[in-house]
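Architecture at a glance
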Amino acid sequence: LWPSEPKPEYATWDQVADEKGWLITGVLPNMRPAAKLMQLPDRKAEGQQAYLAAVERVLLEAGNHPSIVLWGTSGNVFDGLRDPRQIGIHDNAWLGLLPQQAAGSYLQRRIAMTPPGLELMQQVRALDPTRPLFAHHGQLGDIYTLNLYLNMLPAQDREEWLSNWAAVGDRPFMVVEFGMPLFVTMHRGREGYEKSSRTEPLHSEHAVAVLGEAGYALERPAYRQLIAEHFKGGQLYRFFGHDREMTASPMLQQVIAAVTPGTWRTWRALGVNGGMIPWGMGQLWEDCPAVADYLRPQSHRPLPGGAALLAANQETLAWIAGPGGAPLAGPGGGTPFTAKDHAFASGSLLHKQAVLLNDGRKPQPYRCTWTLLVDGTESGRGEATGTLAPAGTTFVPIELPLPARAGAGELRLQATIGAVAHDDMFRLRILDPPPAYGRSLALYDPEGRTARLLAGLGAACRPWVPGSAERLLVVGRQALSAHGSPPGWAEYIRQGGRILVMAQDPAWYRTAVGFRCADTLLRQVYPLASAPALAGLDGEALRDWSGCSTLVDPYPIYAQTSDPEHGWRWGSRGSVATMPLEIPHRGGWRPLLHGGFDLAYAPLLEADIGSGRMLLCGLDVEDRADGEPLVRQTMRALLDYALDAPAARRVPAVYLGGEAGRQLLAQAGLILQPGTTLPPPPALAVIGAEQTPDEAVLRDWIRAGGRALFLPRTGERAPLGVSLRRSRQPGAHQVPSWPETRGLSVSTLRARVEVDAWALADGCEIGADGLLGRLRLGDGVAVFCQLDAAALEADRLTYLRLTRWRWTTALSILLADLGGAFDQDEAVLTVGPAPRSDLYHPDHLTGTGLISDDPYHYYNW
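Residues numbered from 1 in each chain as written. Predicted model: local features only at pLDDT ≥ 70, side-chain atom pairs only at ≥ 80, totals over all residues. Heavy atoms only, no water.

Assigned secondary structure in the protein consists of 23 helices and 36 strands. Rg of the C-alpha trace for the protein: 30 Å, near the compact-globule value of 29 Å for 861 residues, within the 12% margin. In the protein, which comprises 861 residues, the proportion classed as buried is 58%. For the protein, the accessible area works out to roughly 33,300 Å², and carbon and sulfur atoms hold 53% of it. The averaged location of the 90 negative side-chain charges in the protein is 1 Å from the averaged location of its 79 positive side-chain charges. (Helix = DSSP H or I, 4+ residues; strand = E, 2+ residues; numbered from the N terminus. Rg over C-alpha atoms; globule rule 2.2 N^0.38 Å. Buried < 20%, exposed > 50% of the residue type's maximum accessible area, 1.4 Å probe, protein only. Areas by Shrake-Rupley, 256 points an atom, 1.4 Å probe, with all protein chains shown as cover. Lys, Arg positive; Asp, Glu negative; His and termini not counted. Charge placed at Lys NZ, Arg CZ, Asp CG, Glu CD.)

Structural data, given as structure tokens:
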């Protein structure tokens, strides 16, 4: 930057640099034209000469300006590897991978210009050997720079992204474009900023993976309205990039506010020396029209994302971190001070650290004190003093004995660096060691990992044999995916046995059974209020477990130089679930925990099969057999639930109604008996929209123990004295706590935009904002379902496809809760040469660009 006139607030740019400490970059001409010419042998000299002449003109004009300390050039011309193994390494061996790229691809064209770019850099250095050089995004020059967006990769991976660079990197590193993430990350498209900004917004669905169900409540009517108004057809919309409701949505703001502090603080502590420059800064602030001069700070008010950035970007920082010190060398070492362990055994020693950071230009004295409160009463304290050097970071150990009793704790830090005060607080749980579990079960575990976990709990495990009288069979980790099914287990569950299947290889679930799995490890999952399974465990207990999981490679090596399909996985520290299964749209599988995109992935599913029950558990418990009290608590609660929770009795089901409803139930996989009359109770009768049953007969049948499900109806009157009203609403955001709605959540009940619906008004117990109703009569029950997936016109209004999927899931869960049996439920028992293909709605889009339904597809913008 070399303006011909100084800014009015300062006499010269030198004063700006001195007072603000800014790094001033001189802009050299773009290398693109010269690099392209240099790829042609007959024009190489012409390209070099033209570029160097342009550089000399800039140096003549601004080369002696004292505030310019480095030269930058060539925005987005070249490319750099975002692979954490390669960042900041003086090694251009990656150029040898060029033939792997598709001929003529965008990345190949960028990489092909790198050799001439390196040559031009050397020649520019000869013209000005006094200043470093860099290119905006790429491995050229003296500073390794990147456009690095990371999108919705897990926050823990983000924080540890630079661990290898901090340990062995030999070049300065600067992020010249950093995604917070960028708003377009929250849209369906993955094909460039412009195109993807014209695709379906999925802000809420991405946000709830970080925020839980509270993320749905942030959605404003204006956001939903824009989705419908901008829709053009197919998968295309009008450009969203100028709509603040999208570019700065409340959901996006809260995601940025959640992931920014950890990333910024950790990278600064790791020593990132060029900084991180956010892209899309406008999404972090809103205008204050009362201030006329838009260049003044008072003219903009920070939104939650902007406030988080400001707080994490101060000259000095202090916070509570994990127990480790400097990063360990190489992949797998990670950065231990990023560990978020928050559960500890009573009577143990608490190990944490205070991280103090000084990015000022002079030494700063510091003083920090820490206090541990347990159930509101002080339990311990400590303090430290010293001096922080310029650009210095200090890790101050915190060690405090924990009380010999369970309780809720708060570790509070108060620090002063120079004249600036900092406060931080870390919540923790203190758990008493549990008694030996003692209850007996059968175990099929060729790998032995689950056996070790259960032995540590004190469970009495007997090897599985067909015909076992044990109430529960535990199938060990990777037993099915590596060794096949235990003999006789199908007959065992059909006759009333319980089976708990621990984590298997995700690829096995995909290829052998037909489940879809998230590629991303989940660090937090959430219990469903409608299906409490793990007694005493909440969302805080199911996040950021200590240690790392090993079910999949934590640091896979990706052969290609382009971005991997789902981005890079960089570690598994803190994972709770490596193997979350996408909740089936059809069949009787009921989620007990959920998380990930749209809360559509479950690390704990159950289905009632025959007279028994099967649970599929994808929690990363075996890797935490030692050292994580929450895992012991989780396993005890899970075993108790598997042993004791009553299975929903499967009953005969009939359908009374027209052909449309029959096809709907056939697609869901519900097993129906032939006939058009009510079978003897207990039984399930599904009653179609056009059916008007004899109400006296129906009431008597329900009182005797019958179960009725009424499919969505139109009009103001429904059977059994129930009335309806026409309404327009965004689905339901309230989940009934009925036995017949176990497994439902806001995710399965909401709608993406306001839709027309006939809502229940009177005559029954009303839930789900009028979309569900319940009427108890004697020993039986009638459930009214107004979640009409078929009426959504989702083939035309494609933004309703996700709603159609969720409402389809909701109907399947209701049918299962009422005792229905499904074709799909035994797919795990009868693994064949081809997986089931009917667990999900068939309109799933498998592309990788604008039309992909894969929410974890990565793109670097």
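Here the narrative resumes, following the displayed structure.
Locating Thr-199 in the fold gives a position in the loop between α8 (193–196) and α9 (203–211). Residue classification places Thr-199 among the buried positions, given a relative accessible area of 0%. If we ignore the near neighbours within four places in the chain, the residues touching Thr-199 are His-187, Arg-188, Gly-189, Gln-235, Tyr-237, Phe-240 and Leu-850. A distance of 2.6 Å separates a polar atom in the side chain of Thr-199 from the backbone oxygen of Ser-196. (Contact = heavy atoms within 4.5 Å. Polar contact = N/O pair within 3.5 Å; in protein donor to acceptor, adjacent residues only side chain to side chain.)

Right, let's talk about unusual backbone geometry for a bit. With an omega of 15°, the peptide bond between Met-180 and Pro-181 qualifies as cis. Here Pro-181 is to be found in the loop between β5 (173–178) and α8. Cis rather than trans, the peptide bond between Pro-681 and Pro-682 has omega equal to 0°. In this structure, Asp-598 takes a positive phi of about 55° despite not being glycine. Its location among the elements puts Asp-598 in the loop between β25 (590–595) and β26 (601–609).

This part covers the nonpolar core. By size, the foremost hydrophobic cluster in this structure holds 92 residues, and its most contacted members are Trp-161, Leu-162, Phe-173, Trp-267, Leu-772 and Leu-815. A total of eight residues in this core trace back to one element, the largest contributor, which is helix α13 (residues 250–270). Not counting residues up to four positions away in its chain, the partners in contact with Leu-162 are Ile-87, Phe-173, Trp-267, Leu-270 and Val-272. Membership of the second largest hydrophobic core comes to 43 residues, among which are Leu-441, Val-474, Trp-545 and Cys-617. (Core = buried A, V, L, I, M, F, W, Y, C linked by side-chain atoms within 4.5 Å.)

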